[in-house]
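Structural characterization, general
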Amino acid sequence: KTALNLSGVTKTYNAGTPAEIRVLRGLNLNVAAGEVVAMVAPSGSGKSTLLHIAGLLDTLDEGKVEIAGTDATGMKDKARTLLRRSTVGFVYQFHHLLPEFSASENIELPQRAAGVSASAARARAEELLATVGLSSRADHRPGELSGGEQQRVAFCRALANGPALLLADEPTGNLDPTTSDQVFEALMTLVRKTGMSALIATHNLELAARMDRMVRLEDGVIVEL
Ligand code: ADP
Ligand code: ADP
């Protein structure tokens, strides 16, 4: 079973104008269920475009995108949003936590929006926070946490509703090397524990080497490393 399948994906910006940029050129990428894939991509190579297409936030010109066995190609906006919410979790370089809510509340909110009861959402938040070593920070607001702690909370929030696929864009890019290492380990622990699949873009080759497989985005296609 595959978590993510992109086949023959093309994406061109400003088509037919002098500013035309062909970002993705018949790109193929497969992430198997439970697999963690590192994507090394130089700046400007189309990494964000690829992650947005994979996460059903952006449309493609040609090709196919399939998530958790469901073909999303040609789906209407509403169906795509529903599929995204039930299957994909996102993390970015910056945590984007809500500053006026506690760590636990930040993890409870997406669950409440998905119809989970208050007590079950709190229990799930506590379990996730324990997995990343932050039980004692459950009731702290983001402003009271270190950068590495904030990022670990953001990972918990991304996994709160049990998505099949995690898409991460430089999840440790904003942290110093030591913190980056710890935060990466926390992310891997979460991913392995939940058995989810992940596509993680990073510039850090050392971290990339610790994932199941490494690929490179180059000239609009995926090259296996
Ligand atoms: P990366 O994340 O690897 O830096 P992006 O996917 O953001 O790359 O962008 C790849 C290329 O496409 C860049 O040259 C960028 O300027 C261009 N691009 C990205 N988004 C748009 C857009 N909405 N309109 C026009 N060009 C874009
Ligand atoms: P909500 O359920 O709160 O309405 P969405 O379904 O709109 O959220 O988005 C789901 C995920 O996609 C969130 O993690 C959000 O951070 C991310 N997201 C939504 N829109 C964008 C965007 N334009 N660029 C990057 N990420 C986005």
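Residues numbered from 1 in each chain as written. Chains lettered and ligands numbered in written order. Predicted model: local features only at pLDDT ≥ 70, side-chain atom pairs only at ≥ 80, totals over all residues. Heavy atoms only, no water.

Looking at an unreviewed UniProt entry, the protein chain carries the name Lipoprotein-releasing system ATP-binding protein LolD, with the source organism given as Pontivivens insulae. The Sequence similarities (unreviewed entry) comment attached to the protein chain in UniProt states, word for word, "Belongs to the ABC transporter superfamily. Macrolide exporter (TC 3.A.1.122) family." (UniProt positions renumbered as here; feature names shortened; annotations may be inferred.)

**Regarding the overall build of the protein chain**
A tally of regular secondary structure across the protein chain gives seven helices and ten strands. In terms of overall size, the protein chain behaves like a compact globule, its C-alpha atoms giving a radius of gyration of 18 Å where 225 residues would be expected to give roughly 17 Å. Overall, the protein chain is about 55 × 40 × 35 Å in size when its C-alpha atoms are taken along their principal axes. Burial status across the protein chain gives 46% buried among its 225 residues. On the protein chain, roughly 10,400 Å² of surface is accessible, and the fraction owed to carbon and sulfur atoms is 50%. The averaged location of the 26 negative side-chain charges in the protein chain is 5 Å from the averaged location of its 23 positive side-chain charges. (Helix = DSSP H or I, 4+ residues; strand = E, 2+ residues; numbered from the N terminus. Rg over C-alpha atoms; globule rule 2.2 N^0.38 Å. Buried < 20%, exposed > 50% of the residue type's maximum accessible area, 1.4 Å probe, protein only. Areas by Shrake-Rupley, 256 points an atom, 1.4 Å probe, with all protein chains shown as cover. Lys, Arg positive; Asp, Glu negative; His and termini not counted. Charge placed at Lys NZ, Arg CZ, Asp CG, Glu CD.)

**As for the pairing of strand 10 (residues 221-224)**
Two strands pair when backbone bridges link them, and strand 9 (residues 213-218) and strand 10 are joined in this way by four bridges, in the antiparallel orientation. Note that in strand 10 the partner of Glu218 across the bridge is Val221. The hairpin formed by strand 9 and strand 10 contains two residues between the paired strands, and Asp219 there has a positive phi angle of roughly 50°. (Pairing = 2+ DSSP bridges.)

**What to know about the confidence of the model for the protein chain**
Here the protein chain averages 95 in pLDDT, and 100% of its residues register 70 or above. Across the assembled chains, the prediction reports ipTM 0.69 with pTM 0.90. (pLDDT = per-residue confidence, 0-100.)

**With respect to the packing of helix 3 (residues 103-113) against helix 4 (residues 118-131)**
The geometry of helix 3 relative to helix 4 is characterised by a closest axis approach of 9 Å and an angle of 130° between their N-to-C directions. One finds that helix 3 runs oblique with respect to helix 4. Between helix 3 and helix 4 the crossing geometry is right-handed. Where helix 3 approaches helix 4, its residues Ser104, Ile107, Glu108, Gln111 and Arg112 are matched on the opposing element by Ala118, Ala120, Ala121, Arg122, Arg124, Ala125, Leu128 and Leu129. Partitioning the contact of helix 3 with helix 4 into residue classes produces seven nonpolar, two polar and four charged. (Axes fitted to C-alpha atoms, helices over the stretch in contact; angles between N-to-C directions. Parallel < 35°, antiparallel > 145°, perpendicular 65-115°, else oblique. Left-handed = near helix turned anticlockwise from the far one by under 90°. Contact = heavy atoms within 4.5 Å. Nonpolar A, V, L, I, M, F, W, Y, C, P; charged D, E, K, R; others polar.)

**Side note on the site of ligand 2**
Residues in close proximity to ligand 2 include His52, Leu57, Arg84, Arg85, Phe90 and Tyr92, which together make up its full environment. Between ligand 2 and the protein, one listed contact pairs an oxygen atom with a side-chain N or O atom of Arg84 at 3.0 Å. Between Tyr92 and ligand 2, the recorded distance is 2.5 Å, taken from a side-chain N or O atom to a nitrogen atom. Coverage of ligand 2 by the protein chains reaches 43% of its 550 Å² of free accessible surface. The residue makeup of the shell around ligand 2, split by class, is three nonpolar, one polar and two charged. (Near = heavy atom within 4 Å. Polar contact = N/O pair within 3.5 Å; in protein donor to acceptor, adjacent residues only side chain to side chain.)

**Side note on the sheet that holds strand 4 (residues 62-67)**
Sheets are built from strands that pair by backbone hydrogen bonding, the pairs being arranged parallel or antiparallel. With antiparallel pairing, the four strands of this open sheet are ordered in space as 2-1-4-5. Two strands in the sheet have a free side with no partner beyond their single neighbour: strand 2 (21-32) and strand 5 (70-71). Note that strand 1 (residues 2-13) and strand 2 share nine bridges and pair antiparallel. By the bridge assignment, Val9 is partnered in strand 2 with Leu27.

**Here we look at the packing of helix 3 against helix 5 (residues 147-159)**
Between two packed helices, both the angle of their axes relative to each other and the distance between the axes serve to describe the pair. At a closest axis distance of 8 Å, the pairing of helix 3 and helix 5 adopts a crossing angle of 20°. Taken together, helix 3 and helix 5 sit at an angle that is classed as roughly parallel. Where helix 3 crosses over helix 5, the two elements pack in a sense that is right-handed. Residues Ala103, Asn106, Ile107 and Pro110 of helix 3 form the contact with helix 5, whose participating residues are Val153, Cys156 and Arg157.

**Some details on unusual backbone geometry**
Positive phi values are uncommon outside glycine, yet Asn14 reaches one of about 55°. Tracing the sequence through the fold places Asn14 in the loop between strand 1 and strand 2. The phi dihedral of Glu170 falls on the positive side, at around 50°, and the residue is not glycine.

**Details of the environment of Gly34**
Along the chain, Gly34 turns up in the loop between strand 2 and strand 3 (36-40). Between the C-alpha atoms of Gly34 and Ile107, which are 73 residues apart in sequence, the distance is 23 Å. Each residue touching Gly34, except ones within four places of it in the same chain, is listed here: Arg192, Gly195, Met196, Ser197 and Asp212.

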